[in-house]
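Okay, here's what each chain looks like letter by letter:
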Amino acid sequence: MADKETAVMLIREAQKAREMAYVPYSHFRVGAALLTEEGRVYTGCNIENAAYGPSNCAERTAFFKAVSEGERSFRAIAVVGAGDTDQEKYAAPCGICRQVMAEFCRPEEFEIIIANMAGEYYTRTLGELLPDGFGPANLAGRPDV
Ligand code: THU
């Protein structure tokens, strides 16, 4: 579990990243801050698209930035969704983002910090948000994996 100081730091980083959200369609800003095992932080925002389908969530932006820089081990992610008119609201990661997390993170250990713009938060493990998930272990042992 991330200590309180770490959670507060990640939430601030997610709030800052949220300002960069590109959301001309939903106007729903989301920011994320992903903590690696070694203590580095990668941030992300949601990036929407006129064709809608190619839109990317803040959490996946943070993961893809980190993985593309060579990171493979993660401890926690903070997510801040909404807030312009509603400081109290929370946004938990969508199903696709949970699946991306399952590719790289141990369900019982990876911590998801769901925060609002007021800085309040609650935490869930990935296993709590994605029970009985399908992951790399399901493919282990196949000759071509
Ligand atoms: N969104 C995120 O970035 N993260 C979430 O956890 C939920 C949804 C984005 C996708 C889209 O740009 C907007 O929020 C509205 O769904």
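The notes below deal with the structure included here. What you are looking at is a predicted structure, and each value in this text was computed from that prediction instead of being measured.

Lining the immediate environment of the ligand, one finds Ser26, Phe28, Val30, Asn46, Glu48, Cys57, Ala58, Glu59, Ala92, Pro93 and Cys94. Here an oxygen atom of the ligand and a side-chain polar atom of Asn46 are 3.0 Å apart. Considered on its own, the ligand offers 380 Å² of accessible surface; in the complex 76% of this is hidden by protein. The class makeup of the residues in the shell around the ligand is 7 nonpolar, 2 polar and 2 charged.

Time to look at the environment of Thr6. Tracing the chain through its elements places Thr6 in helix H1 (residues 4-18). The class of Thr6 is buried, set by a relative accessible area of 18%. Sequence separation between Thr6 and Ile96 is 90 residues, and the spatial gap between their C-alpha atoms is 26 Å. In this structure the side chain of Thr6 is engaged in a polar contact, spanning 2.6 Å, whose partner is the side chain of Asp3.

Our next topic: helix H2 (residues 58-68). Since there are 3.6 residues in each turn of an α-helix, residues three or four apart along the chain are aligned in direction. Across the 11 residues that make up H2, a large majority, 8, are buried. On its buried side, H2 packs onto strand E1 (30-36), strand E2 (41-45), strand E3 (74-81) and helix H3 (95-104). Looking at the residues trailing H2, positive phi occurs at Gly70, about 100°.

On the surface, Tyr22, Tyr25, Ile47 and Tyr52 cluster together into a nonpolar patch covering about 450 Å² of accessible area. By the element assignment, Tyr25 lies in the loop between H1 and E1.

About the criteria used
- Residues numbered from 1 in each chain as written.
- Predicted model: local features only at pLDDT ≥ 70, side-chain atom pairs only at ≥ 80, totals over all residues.
- Heavy atoms only, no water.
- Near = heavy atom within 4 Å.
- Polar contact = N/O pair within 3.5 Å; in protein donor to acceptor, adjacent residues only side chain to side chain.
- Areas by Shrake-Rupley, 256 points an atom, 1.4 Å probe, with all protein chains shown as cover.
- Nonpolar A, V, L, I, M, F, W, Y, C, P; charged D, E, K, R; others polar.
- Helix = DSSP H or I, 4+ residues; strand = E, 2+ residues; numbered from the N terminus.
- Buried < 20%, exposed > 50% of the residue type's maximum accessible area, 1.4 Å probe, protein only.
- Contact = heavy atoms within 4.5 Å.
- Patch = residues over 30% accessible without salt bridge, like charges linked within 9 Å, V, L, I, M, F, W, Y side chains within 5 Å.
- Salt bridge = Lys/Arg side-chain N within 4 Å of Asp/Glu carboxyl O.

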